[in-house]
Amino acid sequence: MKISDLIKMGLRNLGRRKARTALTVVGIVIGTISIVVMVSIGVGMNQSFREQLLEFGSVTAITMNKNQYSYDASGNYEGESKQKLDDKLIEKLKAIPHVKSVSPLIVMNFKLKSGSYETNTQVNVMDASAFAAMDFPALKNGGDYTKSSSRAKMKVWAGSEVFSYFHNTMSQEFRPKKIDPEKARITMAIDDYELQSYDDKGNPTVTSKEYSTEVEIFDAKEYSEYSWTMYMDKSQFINIYKEHIKQLPADKRRKAEKKLKEYDTIRINADSMENVKAIQDTIKEMGYKSSSMSDMTQQLENFSKTVQMVLGGVGAVAMLVAAISIANTMIMSIYERTKEIGVMKVLGCQISDIKRLFLFEAAMLGLIGGIIGIILSYGASAALNSIGGGFGSLLGIGGENSKLSIIPIWLPVMAASFAMMVGVVSGYYPASRATKISAIEAMKN
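Criteria and cut-off values
Residues numbered from 1 in each chain as written. Predicted model: local features only at pLDDT ≥ 70, side-chain atom pairs only at ≥ 80, totals over all residues. Heavy atoms only, no water. Helix = DSSP H or I, 4+ residues; strand = E, 2+ residues; numbered from the N terminus. Buried < 20%, exposed > 50% of the residue type's maximum accessible area, 1.4 Å probe, protein only. Contact = heavy atoms within 4.5 Å. Areas by Shrake-Rupley, 256 points an atom, 1.4 Å probe, with all protein chains shown as cover. Polar contact = N/O pair within 3.5 Å; in protein donor to acceptor, adjacent residues only side chain to side chain. Salt bridge = Lys/Arg side-chain N within 4 Å of Asp/Glu carboxyl O. Phe/Tyr/Trp six-rings, centres within 6.5 Å; stacked < 30°, edge-to-face > 60°. Lys NZ or Arg CZ within 6 Å of the ring centre and 35° of its normal. Patch = residues over 30% accessible without salt bridge, like charges linked within 9 Å, V, L, I, M, F, W, Y side chains within 5 Å. Pairing = 2+ DSSP bridges. Arc of directions from axis to C-beta.

Participant: Mind showing me how you'd approach the overall build of the chain here?
Facilitator: Looking only at helices and strands, the chain features twelve helices and twelve strands. Counting over 445 residues, the chain shows a buried share of 45%. If you take every contact in the chain between residues at least 6 apart in sequence, the share linking residues at least 24 apart comes to 77%. Carbon and sulfur atoms provide 57% of the accessible area of the chain, an area that totals close to 24000 Å².

Structure, rendered in structure tokens:
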């Protein structure tokens, strides 16, 4: 039997019992929709987790802290240990394969002023040359990460929310005001209590010099890490820091100078997320501890995969019911077409052709149902995304603008193939049974 004849006969047989064929296809449609939508929700959760993590920092960043806190299996605090972070270690870290950049991180308290308004904030001090390598966000108004060459004027990079809570020092009422750093004149001065000294009467003896400041604003989302932080170049910070600690007594000055030799934090950036774990393993072999967003990403992705498997399993149950429906339909078709099968055998039709005919019909039931199910799945996904943003935020898997359901290109292809495979598997027993029917008995009946 020619393939074209087999296709024509198979399609004609499916059209004989339109109602039964339609009901069988509906079962496959429901099963396909269940699988596609359920898995797409899992994919959407995974994407939302990644987007949320990116708001809090780069997934390729690795952090090494001087102070290490240990906890037991129950989460109870056990103790604190320290690891030495200095320039020698930084050079060793730079030699690790796949390390893109390494920079010490110094955190210093500063006071920002704009007229009679002021606020206190923490400034992260790093090598400005590492900002781009650390995947820092773009800057508004065409700004860049070029450090300032002026000793009298500071240059900082900050999020817009840093300037949201300035208060008026001339008023007793605390009414926060948001300052526009692009329009207002802003000065900054070191304001760290550890770098202050007092006389016998309790008056401060160290004067914090105010520096005119140029501010570059991160183009970051409102609740991201970069929206609430401020950064300064290390070389420029060292100039004002050394100038400031000259006023300190000798003992305090020596202690303050250690801040420039032994760091509290070192930040490392890998060339890709896949190499983060290998770098952390190397750091562990060197006798140091580190942490990264990748640790949390892996946990969330494992959770997301589990959710996808569970949701996909729910859809698979619906597909199993559809498979039983296909098998039932094909068995009923055999009983109705017993004489037809006998005639085909008498006319010399090969047994393999008969088997292929029934398998083709079963596969077409699966494929047609799969295609219709995929089309309807896109509509269901769009409906979920239009009404499910708020629901997703309640579950903690994204904001109102995040997508609850995402259908990647591989999912419909997999669903259609799976639906067709279910049809073939479901039709295999009826097809084998059809080939065993005796031609003589079939003609008698």
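Participant: Honestly, the side chain of serine 292 in this entry has me stumped. Any pointers?
Facilitator: Summarising the element assignment, serine 292 is placed in strand E12 (residues 291-292). When its relative accessible area of 12% is taken as the criterion, serine 292 is described as buried. Among the polar contacts listed, one links the side chain of serine 292 to the side chain of glutamine 280, at a separation of 2.9 Å. Apart from the residues lying within four places of it in its own chain, the contact partners of serine 292 are Ala61, Ile62, Val276 and Gln280.

Participant: Could you clarify how one ought to interpret the environment of serine 405 in this entry?
Facilitator: Checked against the element boundaries, serine 405 lands in the loop between helix H10 (389-394) and helix H11 (410-435). With relative accessibility at 2%, the residue serine 405 sits in the buried group. Sequence-wise, serine 405 and valine 43 are 362 residues apart; in three dimensions their C-alpha atoms are separated by 7.0 Å. Polar contacts involving the side chain of serine 405 include one to the side chain of serine 381, which spans 2.8 Å.

Participant: Looking at this model, I keep getting lost on the pattern of salt bridges. Mind explaining?
Facilitator: Any two side chains of opposite charge can pair, on the condition that their charged atoms come close. By the definition in use, this model includes eleven salt bridges. Of the charged contacts in the structure, one is a salt bridge between glutamate 91 and lysine 94, with a shortest N-O distance of 3.8 Å. Of the two residues, glutamate 91 and lysine 94 both sit in helix H3 (residues 87-94), three residues apart, roughly one turn of that helix. Residue lysine 94 is classed as partly exposed on the basis of its relative accessible area of 44%. Linking lysine 111 and glutamate 118 is a salt bridge whose minimum nitrogen-to-oxygen distance equals 3.7 Å. Residues joined in a network through salt bridges with shared partners are Asp144, Lys155 and Glu216.

Participant: Looking at this structure, I do not really get unusual backbone geometry. What am I missing?
Facilitator: The general pattern is negative phi for most residues beyond glycine and trans for most peptide bonds. Although it is not a glycine, histidine 98 sits at a positive phi angle of roughly 75°. Looking at the secondary structure, you find histidine 98 in the loop between H3 and strand E4 (99-114). One non-glycine residue with positive phi stands out, namely asparagine 141, at about 55°. Residue placement: asparagine 141 occurs in the loop between strand E5 (117-126) and strand E6 (153-158).

Participant: So what exactly am I meant to see when it comes to the packing of aromatic side chains here?
Facilitator: The geometry of an aromatic ring pair is captured by the separation of the ring centres together with the interplanar angle, meaning the angle of the planes. The final tally for this structure, using the stated rule, is 15 aromatic pairs. Taking 6.4 Å as the distance between ring centres and 35° as the angle between the ring planes, the aromatic pair formed by tyrosine 226 and tyrosine 231 counts as tilted. The exposure class of tyrosine 231 is buried, given its relative accessible area of 1%. Taken together, the ring pairs connect Phe131, Phe136, Tyr145, Trp157, Phe218, Tyr226 and Tyr231 into an aromatic cluster. We note lysine 177 situated over the ring of tyrosine 117; from NZ or CZ to the ring centre the distance is 4.7 Å.

Participant: Honestly, a nonpolar patch on the surface in this entry has me stumped. Any pointers?
Facilitator: A grouping of Ile3, Ile7 and Leu11 is seen on the molecular surface, where their side chains present a nonpolar patch of about 270 Å² in accessible area. Mapped onto the elements, isoleucine 7 comes out in helix H1 (residues 3-16).

Participant: Explain the pairing of E5 to me, please; I cannot follow it from the model alone.
Facilitator: On a regular strand, each side chain points to the face opposite its neighbour's, so the side chains alternate between the two faces of the sheet. Within E5, seven of the ten residues are buried, which leaves the element mostly enclosed by the surrounding structure. A loop of two residues connects E4 with E5, the two strands running antiparallel in sequence, and glycine 115 in this loop sits at a positive phi of about 65°. Relative to strand E7 (residues 167-168), E5 runs antiparallel, the two being bridged by two bridges. Within E7, the position partnered with tyrosine 117 by the bridge is asparagine 168.

Participant: Is there a simple way to explain the pairing of strand E8 (residues 186-190) in this structure?
Facilitator: Across the five residues that make up E8, a large majority, five, are buried. Judged by which residues are buried, E8 turns out to be covered on both faces: Ile186, Met188 and Ile190 on one side and Thr187 and Ala189 on the other are all buried. Strand direction decides the pairing type here: E4 and E8, joined by four bridges, are antiparallel. By the bridge assignment, lysine 113 is partnered in E8 with threonine 187.

Participant: I'm lost on helix H6 (residues 276-285) in this one. Help?
Facilitator: The α-helix advances 3.6 residues per turn, and as a result positions three or four apart in sequence lie on the same side. Restricting attention to buried positions, one finds in H6 the residues Val276, Ile279, Gln280 and Ile283. All buried residues of H6 fall inside an arc of 100° around its axis, so they share one side. Those residues of H6 that are exposed and aimed more than 90 degrees away from the buried face are Lys277, Lys284 and Glu285. Once H6 ends, the next one or two residues include glycine 287, with phi positive near 95°.

Participant: Before we go on, may I ask you to explain the side chain of threonine 60 in this structure?
Facilitator: Position of threonine 60 among the secondary structure elements: in the loop between helix H2 (18-55) and strand E1 (61-65). For threonine 60, a relative accessible area of 9% puts it in the buried group. At 2.8 Å, the side chain of threonine 60 and the side chain of asparagine 269 are in polar contact. Among all residues touching threonine 60, those that are not within four sequence positions of it are Asp135, Ile268, Asn269, Ala270, Ser272, Met273 and Val276.

Participant: In this structure, what is going on with the environment of arginine 151? I would like to understand it.
Facilitator: With respect to the secondary-structure elements, arginine 151 resides in the loop between E5 and E6. Distance in space between the C-alpha atoms of arginine 151 and glutamine 236 is 7.1 Å, their sequence separation being 85 residues. Every residue in contact with arginine 151, bar those within four places of it in the chain, is listed here: Tyr211 and Asn239.

Keep in mind these values describe shape, not function.
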